[in-house]
Amino acid sequence: MRRSAIARTSEVPESSLDFGMPKTKTVYRCTECGADYSKWQGRCDTCGEWNALVEETIAPKVAASGGSSRRIGGARSLAEGGSVAVTPRLRDVKGSNAQRWKTGIDEFDFVLGGGIVPGSMILVGGEPGIGKSTLLLQVAARLEAEGHATLYASGEESALQVKLRADRLGDSAGDVSLLSETNLETILATSAAAGPEVLIVDSIQTVFTADLEGAPGNVGQVRECAARLMRYAKESGTTVFVVGHVTKGGGIAGPKTLEHIVDTVLYFEGESTLDHRVLRATKNRFGSVDEIGVFRMTEQGLEPVANPSELFMGDRTSHASGSAVTALLEGTRPVLVEIQALAAKAGFGTPQRVATGFDGRRLALLLAVLDKRAGLSFAQLDVFVNVVGGMRLVEPSGDLAVAAALASSVYDRALPSDAIFVGEVGLGGEVRTVSQADRRVAEATNMGMKRVYVAERGIPKRVSRDVELIGVRTIQELFRRLFA
Ligand code: TYD
Ligand code: MG
């Protein structure tokens, strides 16, 4: 068995806390204009911005070693203390894609672009309680099982709490080394002494560096801690995972600023009342973004869901009016989702427009188009649109399904349950083509759908015989075909 002895924090020698970093001093720097102040103040005197000052450390400049002050382009000569770096040719740089570590949790590896790139820093963001700690503990267990020593530093939970969680996840988590600590210097020193290949810090909002006065979780602390972890990752070649809590309003509490520091940003989303969770890459230096991985939260932790469409289509009651299915493209992966619309007689006052998982302004636009081009008036109706399963419809390719669902609800006529709708709706009521229609159709066929309504001009050529492609030019034409 590998030993990554985790010393008690009190036993970590002082000297190992020092990473050769020069003594630092702190300043309060304006995040808007960059002006420095020695004390915090509410308003920046330079640019007038309120609440923009953030505590930061600055390393003192290395004392110039006298000598000539003539510089070419600001470069320091050897005599002045500069050092010469090695400049290998690109083709000589070792390493390849094959070096990625697979965790064996397929959905996780997929979102990262095929596995973890050793030495990278990965931020896992998400609302509290969504399952970030669970996911990372499972990842840690798998990495340990693959022979990559892992240190899980938790600032949120005691070793016992983490153990209780690990027990629910099965035996494999037992070998992960634990550290319950919030002091970043201690975490780094412990990690440097134990030398794991993977360091997990849960969460960045609970750790702090003693070099800054601010409380853990404030922007200055979070940025500084993240920057130090990044430096540690790059200098030691350790893969670092950092958990970041996201507030309801979005944005990792305070630091959107974290995103540019790290290599990869994964967001863990979902309704905490629903079982499934979606892991989404929003930044990836080593893979494509917007790829998603889907998980189900069970008693034994998170389980990858290999076929997301199945999950989102699971509870569909096909014979109700106001339900339409579309095929979204999540990264490179098509996913079928159900859209529900309900148009009901409004009470007094302005009718309501409520959209969940769909942009409210886009809904207003579609309602106007339906009114003007297809003669469907919603003036006296409350309108509710819901993308089922907590998914979000961001691409305009879902317009046609939303329009069909709305019309279906107004006429109170159910849509064919084996049909999907794929197309953008323009202001003239015209149906526009979408990207990669063939892949969407392929997914629909996989899921047993028999009919696809698409823009006439964008009918994909190479598709299975089992599916009928119905080209429509306008929403009027679509409604004629559906409800005539
Ligand atoms: P957690 O990973 O603690 O969330 P985060 O770190 O993002 O705050 O997940 C918390 C939720 O997950 C909690 O409500 C319990 C639930 N859970 C399960 O349903 N099954 C499990 O096996 C585990 C470990 C947690
Ligand atoms: Mg947690």
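Residues numbered from 1 in each chain as written. Chains lettered and ligands numbered in written order. Predicted model: local features only at pLDDT ≥ 70, side-chain atom pairs only at ≥ 80, totals over all residues. Heavy atoms only, no water.

**Q** Residue-level account of the environment of V325, with values.
**A** Along the polypeptide, V325 turns up in strand β13 (residues 323-330). Between the C-alpha atom of V325 and that of D418, which follows or precedes it by 93 residues, the distance is 8.8 Å. In this structure V325 touches M313, R316, L336, V337, E338, A401, A419, I420, F421 and M449, once residues within four positions along its chain are discounted. (Helix = DSSP H or I, 4+ residues; strand = E, 2+ residues; numbered from the N terminus. Contact = heavy atoms within 4.5 Å.)

**Q** Can you tell me about the packing of aromatic side chains, naming the residues and giving the values?
**A** Each aromatic ring pair is summarised here by two numbers: the centre-to-centre distance and the angle between the ring planes. Summed over the entire model, instances satisfying the criterion amount to 5 aromatic pairs. A centroid spacing of 6.0 Å and a plane angle of 80 degrees characterise the contact between F268 and F295, whose relative ring orientation is edge-to-face. Separated by 27 residues along the polypeptide, F268 in strand β9 (residues 264-269) and F295 in strand β11 (residues 292-298) bring together distant segments of the chain. The two residues F268 and F295 agree in class, both being buried. Between Y411 and F483, the ring centres sit 4.9 Å apart and the planes meet at 55 degrees, which makes this aromatic pair tilted. Taken together, the residues Y411 in helix α8 (residues 399-411) and F483 in helix α10 (residues 475-483) connect sequence positions 72 residues apart. (Phe/Tyr/Trp six-rings, centres within 6.5 Å; stacked < 30°, edge-to-face > 60°. Buried < 20%, exposed > 50% of the residue type's maximum accessible area, 1.4 Å probe, protein only.)

**Q** Can you break down the packing of helix α4 (residues 184-194) against helix α5 (residues 219-236) residue by residue, with the values?
**A** The N-to-C vectors of α4 and α5 enclose an angle of 10 degrees; their axes lie 11 Å apart at closest approach. As judged from the angle between their axes, α4 and α5 are roughly parallel. Residues L184, E185, L188, S191 and A192 of α4 form the contact with α5, whose participating residues are C225, R228, L229 and Y232. Of the residues in the contact of α4 with α5, the class split is 6 nonpolar, 1 polar and 2 charged. (Axes fitted to C-alpha atoms, helices over the stretch in contact; angles between N-to-C directions. Parallel < 35°, antiparallel > 145°, perpendicular 65-115°, else oblique. Nonpolar A, V, L, I, M, F, W, Y, C, P; charged D, E, K, R; others polar.)

**Q** Would you mind going over the sheet that holds strand β3 (residues 53-58) in detail, with residue names and values included?
**A** A sheet is described by the order of its strands in space; here 3 strands give the open sequence β2-β1-β3, paired in antiparallel fashion. Each edge of the open sheet is held by one strand with a lone partner, namely β2 (36-37) and β3. Strand direction decides the pairing type here: strand β1 (residues 25-30) and β3, joined by 6 bridges, are antiparallel. What sits directly across from Y28, in β3, is E55. (Pairing = 2+ DSSP bridges.)

**Q** Tell me what's going on with the site of ligand 1, and back it up with residues and numbers.
**A** Residues in contact with ligand 1 amount to 15 residues; listed here are only the nearest, G129, S133, T134, T298 and G301. In this structure, S133 approaches ligand 1 through a side-chain N or O atom, which is 2.6 Å from an oxygen atom. With respect to ligand 1, the side chain of R165 contributes an N or O atom lying 3.0 Å from an oxygen atom. For ligand 1, the protein covers 76% of the area, taking 560 Å² as the surface of the free molecule. Residue assignment for the shell around ligand 1 shows that the elements contributing at least two residues are α2 (132-145), α3 (159-168) and β11. Considering each element in turn, the shell around ligand 1 owes the most residues, 3 residues, to α2. When its residues are assigned to classes, the shell around ligand 1 shows 3 nonpolar, 7 polar and 5 charged. (Near = heavy atom within 4 Å. Polar contact = N/O pair within 3.5 Å; in protein donor to acceptor, adjacent residues only side chain to side chain. Areas by Shrake-Rupley, 256 points an atom, 1.4 Å probe, with all protein chains shown as cover.)

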